Amino acid sequence: MNNNFALKLSKNDLRWNCPEDVFEFKSTAEVKPLERIVGQERAIEAIKLGSELKAKGYNIFVTGLSGTGRTTTVKKILDANSSSCPITFDFCYVHNFKDTDSPTLLKLPKSHGKKFSEAMNDTIAFLRRRLPMLFEEENYQHSRKKIIESFQNKEREVLSQFDNKIKPVGFIRGQLENEQGNILPEVFPVIDGKPIQIEALDELVENKTIAEEKANELRELWHKFHDEIYDLARVGMKLMQEFRKDLLENDKASAQIIVNSAFSNIIDEFAYDKVHEYINEVKNYILDNLNIFVQVNLPTVPQAEDDSEMQMSDRFQLFSVNVILDNSLTTTAPIVIETNPTYTNLFGTIEKTYDQKGFWKTDFTKIKSGSLLKADQGFLIVNANDLFQEPGVWQALKRVLLYDKLEIQPFDSYFQISQSHLKPEPIQVSVKVIIIGGQTLYKMLYHYEKGFKKIFKVNAQFDYEAKNSEEMLLNYAGFISMICTKESIPHCSPSGVAAVIEWAVEQSGTKQKVILKFSDVADVLRESAFFYREGNSKFINREDIERTLTARKFRNNLIDEKLSEHILENTILINTSGKKVGEINGLTVYNDSIYSFGKPAKITATISAGNSGIINIEREADLSGKIHNKGVLILTGFLRERFAQKQALSLSASLAFEQNYGGIDGDSATAAEIYVLLSAISGIPINQDIAITGSVNQKGDIQPIGGVNEKITGFYEICKSRGFSGNNVVIIPVQNVKDLMLNKDIVQSCENGDFAVYSISKIEDAVSLLFDVEAGEADKNGNYPANTLFGKVASKLKKLSELNRKSKSNNSSQKKEVKQ
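Analysis parameters
- Residues numbered from 1 in each chain as written.
- Predicted model: local features only at pLDDT ≥ 70, side-chain atom pairs only at ≥ 80, totals over all residues.
- Heavy atoms only, no water.
- Phe/Tyr/Trp six-rings, centres within 6.5 Å; stacked < 30°, edge-to-face > 60°.
- Helix = DSSP H or I, 4+ residues; strand = E, 2+ residues; numbered from the N terminus.
- Buried < 20%, exposed > 50% of the residue type's maximum accessible area, 1.4 Å probe, protein only.
- Lys NZ or Arg CZ within 6 Å of the ring centre and 35° of its normal.
- Pairing = 2+ DSSP bridges.
- Axes fitted to C-alpha atoms, helices over the stretch in contact; angles between N-to-C directions.
- Contact = heavy atoms within 4.5 Å.
- Parallel < 35°, antiparallel > 145°, perpendicular 65-115°, else oblique.
- Nonpolar A, V, L, I, M, F, W, Y, C, P; charged D, E, K, R; others polar.
- pLDDT = per-residue confidence, 0-100.

A closer look at the packing of aromatic side chains
Part 1 of the argument: Inspection of the entire model under this criterion finds 34 aromatic pairs.
Part 2 of the argument: Seen in terms of ring centroids, Phe 61 and Phe 452 are 5.9 Å apart; in terms of plane orientation they differ by 70°. Their pairing is edge-to-face. With Phe 61 in strand 2 (residues 60-63) and Phe 452 in helix 16 (residues 452-455), the pair connects residues that are 391 residues apart, well separated along the chain.
Part 3 of the argument: Measuring from ring centre to ring centre gives 5.2 Å for Phe 293 and Phe 316, while their planes differ by 75°; the resulting arrangement is edge-to-face. Here the residue Phe 293 occupies a position in the loop between helix 8 (273-288) and helix 9 (305-317), and Phe 316 occupies one in helix 9, the gap between them amounting to 23 residues. Exposure class is identical for Phe 293 and Phe 316. Each is buried.
Part 4 of the argument: Sitting over the face of the ring of Phe 89, Lys 107 holds its NZ or CZ atom 4.4 Å from the ring centroid.
Part 5 of the argument: Positioned above the aromatic ring of Phe 316, the side-chain terminus of Arg 128 is 3.8 Å from the ring centre.

Okay, structure coming up:
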């Protein structure tokens, strides 16, 4: 290519057309639906590594754009790798008879949890029937009667010994009611065959019924026997305690055989140390609390029937088994996709119930598992956006992955809103967590989140584009076939498939790539099926796809149309014909997150003598981004290299994006800013038929930019609406030629000669188009020809420099005169 001229692009340069001859079918109904994952080899390799490597910390953080099939791909790979079932377990919580606030965890092989629960229920049901019958049997009643008789005999013997001791000396044992109405044991002296209270002796002495000496003797004996009768009560209490102990031991001895027999089958079937330990605790508790099974009719405060039944239910609930995870039906490694990763859904909870008095209560039967436990020995998939929106979830998940321990607690206890009275035994878990999120979030967590590197060692990066190859075109046809078949929408003809692929190539931003956001492709097909109803074709064809894309643009281009109206009405000043000094058409891209479009922007420059350098008005108004500021600084470097080798670059200039009120960033306008500044310095006007975009380095090399198709389209639409001048042109970097996917209207206008697109690689290449003069090439002394753009620029800069020197000299002379 001639380095001093722009290259006009041909029809083939402006758009890539998908070859329909590669599709050897009449419709995608004949194509085998695409079931495999394409274009994601890097991500697939990472997911396989993370899922198959059992070492600690190899959890997976999947990154990539939404719609690239991240969740589907992960699920397919895991399904393929989890065909064989690992050793899974059932998890149960039971009552802890030693510490009621710390329920005991039983970890059993899969399918054993439910069996163990049923076995315990059956055993307790058997004991509820059998134990009451035991205490009605003759043998039990006989042994009980013997204990009662033995107690009664001992009690009578103690009392008889005391009576025999006090009777010979004139005392008798009895009872006395005190002032409080309590009946107390007492001894009474016997006078004339009648027992009297000790206080009556004074009256008898006064009446001379008995002598004073006799009364004193009786008082001494009374004090002695009064103390002894209370000792007698203590002996009786001890006998009663022994009696009750004997009864209890008798009950336990009688029930022990039945209880041991009832649990023997469980002990044989579930030969696990922790189960045996639990069963022993259950047996001991039952034997110590046989009254639970045998109701004793004692006078009590009347209770409501519901309350009584509730107490009975609670009584036997102690022996139930809470199976929080049953893996009896699990045949492959668990794969759990949690779409609502709240604290409760992930980690489980401890539910609460309210009694009739309004107080909440809970126990081990209210412990519930979450997705994390359900994924034990398998995989848990969560979306990062959902995960990090839930308070407390990330920190709790991080602890589980760091220590491999799950502690089930209610959500409110995590924030200490309420106190939990239960602390279930922690569960040792082994689960691979796969988080699906964005690359920015992953990098932030990797660099700033403590412990993140230890638990997420694998980053599966999903690509958003793939090479535009024949193989990929056929894969697209297979995908279209799959969507049409799966969703029962009309299949596509080869022209329809080609149109979809061309759209996908356009979305990638380059002819050499095609997007992998298959969810967006599926949306185009669904919308095309809607517009297909308006046609007469049997299949969705190119016209249906193009109608769909036109309608989609119309739904979203309101801002685009409004800006175009402002330009056409000259509210926003843009020239598309004529010539202007210090004015040029730059190209910008607007993006409202739904729809992106291009529009021309007027860039102006003014110059004067001075030493202020180049002033970026956008920067001074705080409307310029960092990249745009860099571009302006590069512009200064370009001028220094080209025009300040013999003299200092001495001028004051200003650059502005006119009517820009919302800010600007990027360096794609650097080329336009250089040209408009050269125009202002040289006084040579710029053709307003032309718009230009391109980044530039300090050496004057043109660099690629983004949004090239939107930018060209934006200028084209304004020129077309006003009427082509015959010389309307867009100049782009040569590197962006491979990115061109212009619509058919633009291509047709270029063929008709109404519009044109040129590419350049250096600043000099576009000069003749813009200025109608040559750029000029410096001779061996560094001088440019006088009749060239660079020659006129150099001449003007020399004059400005001389003016600055004269100005400095005059200022210096004036200062000397003032001092004199």
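Regarding the sheet that holds strand 8 (residues 322-325)
Part 1 of the argument: Read across the sheet, 3 strands follow the order 4-3-8 without closing on themselves; strand pairing throughout is antiparallel. Since the sheet does not close on itself, it has two edges, and those belong to strand 4 (104-109) and strand 8, each with one partner. Here the strands of the sheet are splayed against their neighbours by 30° on average, with no regard to which way each runs.
Part 2 of the argument: Pairing geometry for strand 3 (residues 89-94) and strand 8, over 3 bridges, is antiparallel. In the strand pairing of strand 8, Phe 91 is matched with Leu 325.
Part 3 of the argument: Packing against the sheet, helix 4 (residues 112-134) makes contact with strand 3, strand 4 and strand 8, and its axis sits at approximately 120° to strand 4.
Part 4 of the argument: Its contacts with the sheet place helix 8 against strand 3 and strand 4, and it is angled at close to 135° to strand 4.

Description of the pairing of strand 22 (residues 583-591)
Along any regular strand, the residues point their side chains to alternate faces of the sheet.
Part 1 of the argument: Bridge count for strand 22 against strand 23 (residues 596-608) is 9 bridges, and the pairing is antiparallel. Along strand 23, the bridge assignment pairs Asn 591 with Ser 596.
Part 2 of the argument: The hairpin turn running from strand 22 into strand 23, its antiparallel successor, is 4 residues long, and Ser 593 in that turn takes a positive phi close to 75°.

Observations regarding the packing of helix 5 (residues 138-166) against helix 7 (residues 212-269)
Part 1 of the argument: Between helix 5 and helix 7, the shortest axis-to-axis distance is 10 Å and the interhelical angle comes to 170°. Taken together, the axis directions place helix 5 and helix 7 in an arrangement best described as roughly antiparallel.
Part 2 of the argument: Partitioned by chemical class, the residues of the contact of helix 5 with helix 7 number 16 nonpolar, 3 polar and 7 charged.

Some details on the confidence of the model for the protein chain
Part 1 of the argument: For the protein chain, per-residue confidence averages 88 on the pLDDT scale, and 94% of positions sit at 70 or higher.
Part 2 of the argument: Low pLDDT, under 50, characterises residues 296-310; the stretch is placed with 5 contacts to residues that sit more than four places away or in other chains.

With respect to the sheet that holds strand 17 (residues 432-437)
Part 1 of the argument: Strand order in the open sheet formed by 5 strands is 9-14-17-2-18, and the pairing between neighbours is parallel. In the strand order of this sheet, the two ends are held by strand 9 (335-338) and strand 18 (458-461), each with one partner. The mean angle between the axes of side-by-side strands here comes to 20°, regardless of whether they run parallel or antiparallel.
Part 2 of the argument: Helix 2 (residues 41-52) rests against strand 2, strand 14 (379-383), strand 17 and strand 18 of the sheet, and its axis sits at about 150° to strand 18.
Part 3 of the argument: This element, helix 3 (residues 70-81), spans strand 2, strand 9, strand 14 and strand 17 of the sheet and lies at about 160° to strand 17.

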